[in-house]
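# Working through the structure, step by step
These are the residues of each chain, in order.
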Amino acid sequence: MTATSGHDAGPADDSRDLPGGLPDGPLGLPWPRTAVRRADGSVAVGDVGLPELAAAQGTPLYVVDERDMRERAAALRDAMTTAFAEHGAEVELFYAGKAFLCRAVARWMSQEGLGIDTASLGELTTALSAGVDAARVGLHGNNKSDEELELALTAGDKGIGRVVLDSLVEVDRVADVAAGLGVRARVMLRVTTGVHAGGHEYISTGHEDQKFGLSVHPARPGEDSPALTALLAILARPELDLLGLHSHIGSQILDPAGFDAAAREVLRVRAELAERTGVLVPEVDLGGGFGVAYLPGEVELDPERIAKETAAAVVEAAAETGTAVPRVSFEPGRSIAGPAGLTLYTVGTVKPVRLPEGSELAERLYVSIDGGMGDNIRPALYGAAYHAELVGRTSSAPPVRARVVGKHCESGDIVVHDVDLPADVHAGDLLAVAVTGAYGRSMASTYNLLPRPGVVAVRDGEVTPLVRRESVADLLALDLG
Ligand SMILES: Cc1ncc(COP(=O)(O)O)c(C=O)c1O
Ligand SMILES: N[C@@H](CCCC[NH3+])C(=O)O
């Protein structure tokens, strides 16, 4: 059984105690939906055998189950649409490109009816060059560049759908850029509500001692809150159309209560603004952050539950403040991309290491793979826990406690802290790490000048390359000698 840290493990699934994974058939969470163990013991995803894929494409390799990713987007869209429609309210989803964006993914998400949320010139350009309707693209950032703003305000017929303002100085900045270009900017204001949610301090963004957004709470009694001050400043600039308020409370959230609390705070400020100015902004964006299952036995945040609970919270808060129910939007990333992806590695050196007297284990098996912290920084950055299995074969060898480590020159280069692997794991074995579809490739680095792996999509027996594998020649091409 996988031992973990940093995540709430749900009830154990004993069938996972088998070394090398489950018996033949669907693998289930945390693996992509179409993952099956075939009769020969190897795993296929999207009807593509992982050993054949590795032989054709090399490893390390990010693999995306296109069907799973699309179905996750569609399921969330349907759950949200139904839950909000019950209250006569509209809802829109924006896929958070930071989780993983390339042109094909931008097109998939558009085809599934989602807009795209971006956070940089690179993400914005990728979404637009994929042909996504500019009106359905958003831009975030606490320090947007002139180039980002100019593209955002001029893309399509009348600029992108929304620029999310993040500070008081940005109000005049964006208004001045819009005035210079002779256009209007559709903006939202990112607020912080004091609601603290998410898997790790670095991915929890609704609390107030961090760089994003403006607080809805006054610094001193009787003063306007920083958020209200910025909202009044926005309304004072004719170049800006204020669409609404934005709140993102964190990431890898497994309890919907945080969204409920944040929605109530945001609706309160919306009502306060309406009372002061007569302007009731039409929209509220409640961000992303829906948590997923990283380990066998963990439970992901159910789309229907989050949809029903947030819809009810928004409707109740609107009633309590005597305001009309707003249009609502969300920006999920991880819950769409994460579980649909895995990383495929080849095992190299295997080394048993005796642990000091008094340790929890007498010995740990260090299993080195051909990637590491360069393609998955999350364990080192957040202490994130992952699950791994051999996917080229099953084994009847007894399970041993293993640690999957990368090939970087860093002892913290750990991809899976603790996992049971068959004792006969050896060089050449194919190993997959689950739920790397979000924040894997998108946070990858070339540390130690290791080129970043490519990304392929698999679906119905077809392999579609999405992002080319980098080569050492690519890295050298950046080196000016
Ligand atoms: C503003 C904003 N929106 C959306 C997201 C996507 O979050 P997640 O991938 O957890 O759904 C993030 C990242 O945490 C974010 O900062
Ligand atoms: N990169 C983070 C989440 C995104 C935080 C952005 N606000 C992670 O891997 O979990």
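No experiment lies behind these values; they were computed from the predicted model shown.

### Considering helix H7 (residues 226–235)
Restricting attention to buried positions, one finds in H7 the residues Ala227, Leu228, Ala230, Leu231 and Ile234. All buried residues of H7 project into a common sector of 160° when viewed along the axis, lining one side. Of the surrounding secondary structure, the elements contacted by the buried residues of H7 are strand E9 (162–165), helix H6 (168–181), strand E10 (185–192), strand E11 (214–215), strand E12 (240–246) and helix H8 (257–277).

### Thoughts on empty space enclosed by the protein
Summed over the entire model, instances satisfying the criterion amount to three cavities of 30 Å³ or more. By volume, the second largest cavity is sized at about 60 Å³. Around the second largest cavity, the lining residues are Tyr62, Val63, Val64, Phe100, Gly341, Leu342, Thr436, Gly437, Arg441 and Val455. Residue assignment for the lining of the second largest cavity shows that the elements contributing at least two residues are strand E5 (61–65) and strand E15 (341–354). Examining the composition of the lining of the second largest cavity, we find that three residues originate from one element, E5, more than from any other.

### Structural notes on the packing of helix H2 (residues 66–85) against helix H9 (residues 303–320)
Interhelical geometry of H2 versus H9 gives an angle of 30° and a closest axis separation of 8 Å. Seen along the crossing, H2 lies across H9 with a hand that is right-handed. Counting all contacts with H2, which are made through Ala75, Leu76, Ala79, Met80, Ala83 and Phe84, the residues of H9 involved are Pro303, Glu304, Ile306, Ala307, Lys308, Thr310, Ala311 and Val314. In the contact of H2 with H9, the residues fall into eleven nonpolar, one polar and two charged.

### Observations concerning the UniProt feature "active site" (unreviewed entry) in the chain
What UniProt calls "active site" (unreviewed entry) maps, in this numbering, to Cys409. When you line up the elements, Cys409 lands in the loop between strand E18 (399–405) and strand E19 (414–422). Other than its neighbours up to four places away in sequence, Cys409 contacts Tyr447 and Asn448.

### Describing helix H4 (residues 121–129)
Among all positions of H4, only Glu123, Leu124 and Ala127 are buried. Relative to the axis of H4, the buried residues are bounded by an arc of 100° and lie together on one face. Its side-chain oxygen at 3.3 Å from the backbone nitrogen of Gly122, Ser120 defines the N-terminal cap of H4. Gly131 lies just past H4 and shows a positive phi near 90°.

### Topic: the site of ligand 1
Of all residues adjacent to ligand 1, which total 14 residues, the nearest are Ser251, Gly289, Glu331, Arg334 and Tyr439. Between ligand 1 and the protein, one listed contact pairs an oxygen atom with a side-chain N or O atom of Ser251 at 2.3 Å. Measuring from an oxygen atom of ligand 1, one finds a backbone N or O atom of Gly289 at 2.8 Å. Residue composition of the shell around ligand 1, grouped by class: three nonpolar, six polar and five charged.

### Some remarks on the site of ligand 2
Every one of the seven residues lining ligand 2 counts as a neighbour, but Arg334, Arg378, Tyr382, Tyr439 and Met443 are closest to it. Residue composition of the shell around ligand 2, grouped by class: four nonpolar, one polar and two charged.

### Observations regarding the sheet that holds strand E4 (residues 48–49)
As summarised here, the arrangement of the four strands in space is E1-E2-E3-E4, forming an open sheet in which the pairing is antiparallel. Looking at which strands have only one partner, the edges of the open sheet turn out to be strand E1 (25–26) and E4.

### What to know about the side chain of Arg72
Within the secondary structure, Arg72 is located in helix H2. When sequence neighbours within four positions are dropped, the list of residues in contact with Arg72 reads Leu29, Arg33, Glu300, Ser335, Ile336 and Pro339.

### Some remarks on the pattern of salt bridges
Summed over all chains, the structure comprises 42 salt bridges. Here Asp172 and Arg237 are joined by a salt bridge, their closest N and O atoms 3.0 Å apart. In this pair, Asp172 sits in helix H6 while Arg237 sits in the loop between H7 and E12, placing the two residues 65 residues apart along the sequence. You can call Asp172 partly exposed: its relative accessible area is 39%. The class of Arg237 is buried, set by a relative accessible area of 18%. The partner of Arg268 in a salt bridge is Glu265, and the shortest N-O contact between them spans 2.9 Å. Taken together, the residues span about one helical turn, with Arg268 and Glu265 both in helix H8 at a distance of three residues.

Quick notes on the rules
- Residues numbered from 1 in each chain as written.
- Chains lettered and ligands numbered in written order.
- Predicted model: local features only at pLDDT ≥ 70, side-chain atom pairs only at ≥ 80, totals over all residues.
- Heavy atoms only, no water.
- Buried < 20%, exposed > 50% of the residue type's maximum accessible area, 1.4 Å probe, protein only.
- Helix = DSSP H or I, 4+ residues; strand = E, 2+ residues; numbered from the N terminus.
- Arc of directions from axis to C-beta.
- Contact = heavy atoms within 4.5 Å.
- 1 Å grid on protein atoms, 1.4 Å probe; cavity = no way out; pocket = protein on both sides within 12 Å on 5 of 7 lines; lining within 4 Å.
- Points joined across faces, edges and corners; volume = space filled by probe spheres on them.
- Axes fitted to C-alpha atoms, helices over the stretch in contact; angles between N-to-C directions.
- Left-handed = near helix turned anticlockwise from the far one by under 90°.
- Nonpolar A, V, L, I, M, F, W, Y, C, P; charged D, E, K, R; others polar.
- UniProt positions renumbered as here; feature names shortened; annotations may be inferred.
- Polar contact = N/O pair within 3.5 Å; in protein donor to acceptor, adjacent residues only side chain to side chain.
- Near = heavy atom within 4 Å.
- Pairing = 2+ DSSP bridges.
- Salt bridge = Lys/Arg side-chain N within 4 Å of Asp/Glu carboxyl O.

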